[in-house]
Amino acid sequence: MALKFARPVHPGEFLREEYLLPLGMSAGTLATKLNLPRTRIERIAKEEIGITPDTALRLARYFNTTPEFWMNFQQSYELETEALKLAPELEKIEPMEAAA
């Protein structure tokens, strides 16, 4: 069962609140450990950009999770965000009726 929040949660918020802050780790330190540019992790943590497969693989390796965890988080965020934006437009679409 997927968790549902009152609002879409960006994976950068999750990274920041559940990993970086509790560990007392800066985005720059994590970036160094992942062999990434500091700005990539900083921008993810600031919710400016999403998580790419490259970053998901690195986060999974470092935090002993799975790349699917990070990619699913990103995909869910994008779908929820887009669904909210498109809600009025989607309501206008009549679903196809099932064949008898």
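Right above here is the structure, for reference.
On a predicted model such as this, the values are computed, not experimentally measured, just so you know.

Enquirer: Would you take a moment to explain the overall build of the protein for this structure?
Expert: Within the protein one finds five helices and zero strands. Reading the protein from its N end, one meets helices and strands in the order α-α-α-α-α. Structurally, the protein occupies a C-alpha span of about 55 × 25 × 20 Å along its principal axes. Looking at the protein as a whole, 28% of its 100 residues are labelled buried. Residue pairs at least 24 apart in sequence account for 51% of intrachain contacts in the protein once pairs closer than 6 positions are excluded. Total accessible area on the protein stands at roughly 7,300 Å², and carbon and sulfur atoms take up 56% of it. Computed over 12 positive and 15 negative side-chain charges, the separation of the two mean positions in the protein equals 11 Å.

Enquirer: It is not clear to me how the nonpolar core should be interpreted in this structure. Could you clarify?
Expert: Looking at soluble globular proteins, one finds that nonpolar side chains tend to be buried together. Grouped together as the largest cluster of nonpolar side chains are 18 residues, with contacts concentrated most on Leu15, Leu30, Ile41, Leu59, Phe63 and Trp70. Going through the elements one at a time, α1 (11–23), α2 (27–34), α3 (38–45) and α4 (53–63) are the ones with two or more residues in this core. Sequence-distant contacts of Leu30, defined by excluding residues within four places in its chain, comprise Leu15, Leu20, Met25, Ile41, Leu59, Tyr62 and Phe63.

Enquirer: Got a minute to help me understand helix α5 (residues 67–91) in this structure?
Expert: It helps to recall that an α-helix has 3.6 residues per turn; residues three or four apart then point in one direction. Look at α5: 34 Å from first C-alpha to last across 25 residues, which is about the 36 Å you get at 1.5 Å a residue. When we look at burial in α5, the residues that qualify are Trp70, Phe73 and Gln74. Residues of α5 that are buried in the fold lie against α1 and α4.

Enquirer: It is not clear to me how the packing of aromatic side chains should be interpreted in this structure. Could you clarify?
Expert: Aromatic ring pairs are described here by two measures, namely the spacing of the ring centres and the angle between the planes. In this structure the tally under the stated criterion is nine aromatic pairs. Look at Phe14 and Tyr19: their rings are 6.0 Å apart centre to centre, the planes differ by 70°, and that puts the pair in the edge-to-face class. With relative accessibility at 16%, the residue Tyr19 sits in the buried group. A ring pair is formed by Tyr19 and Trp70, whose centres lie 5.6 Å apart and whose planes are at 50°; its orientation type is tilted. Linking Tyr19 in helix α1 with Trp70 in helix α5, this pair joins segments that are 51 residues apart in sequence. Assigned by exposure class, Tyr19 and Trp70 land together as buried.

Enquirer: I'm lost on the environment of Glu82 in this one. Help?
Expert: Within the secondary structure layout, Glu82 lies in helix α5. The partly exposed category is assigned to Glu82, whose relative accessible area is 36%. Sequence-wise, Glu82 and Lys46 are 36 residues apart; in three dimensions their C-alpha atoms are separated by 19 Å.

Conventions adopted
- Every chain is numbered independently, its residues counted from 1 as its sequence is written.
- Where local features are concerned, this predicted model is filtered to residues with pLDDT of at least 70; where side-chain atom pairs are given and counted, the filter is 80 or more; whole-chain, interface and lining totals use all residues.
- As a convention, hydrogens and water are excluded, and side-chain values are obtained from all of the structure's heavy atoms.
- Where helices and strands are cited, they refer to DSSP runs of H or I of at least four residues and of E of at least two residues respectively, numbered from the N terminus.
- Only protein chains enter the calculation, and the probe is 1.4 Å; a residue is then buried if its accessible area is under 20% of its type maximum, exposed if over 50%, and partly exposed in between.
- In this description, contact between two residues means that some pair of their heavy atoms is separated by no more than 4.5 Å.
- Surface accessibility follows the Shrake-Rupley procedure with a 1.4 Å probe radius. Residue values consider only the protein chains on display as shielding.
- The charge count includes Lys and Arg as positive and Asp and Glu as negative, but it does not include His or the ends of the chains.
- Positions of charges follow a simple convention, taking NZ of Lys, CZ of Arg, CG of Asp or CD of Glu.
- The nonpolar core is taken to be a set of buried Ala, Val, Leu, Ile, Met, Phe, Trp, Tyr and Cys residues, with the residues joined through side-chain atoms within 4.5 Å.
- A helix is expected to reach a length of 1.5 Å times the quantity of its residues less one.
- The criterion for an aromatic pair is that two Phe, Tyr or Trp rings (for Trp, the six-membered ring) have centres within 6.5 Å, with stacked assigned to planes under 30 degrees apart, edge-to-face to planes over 60 apart and tilted to the rest.

These values are about where atoms sit, not about what they do.
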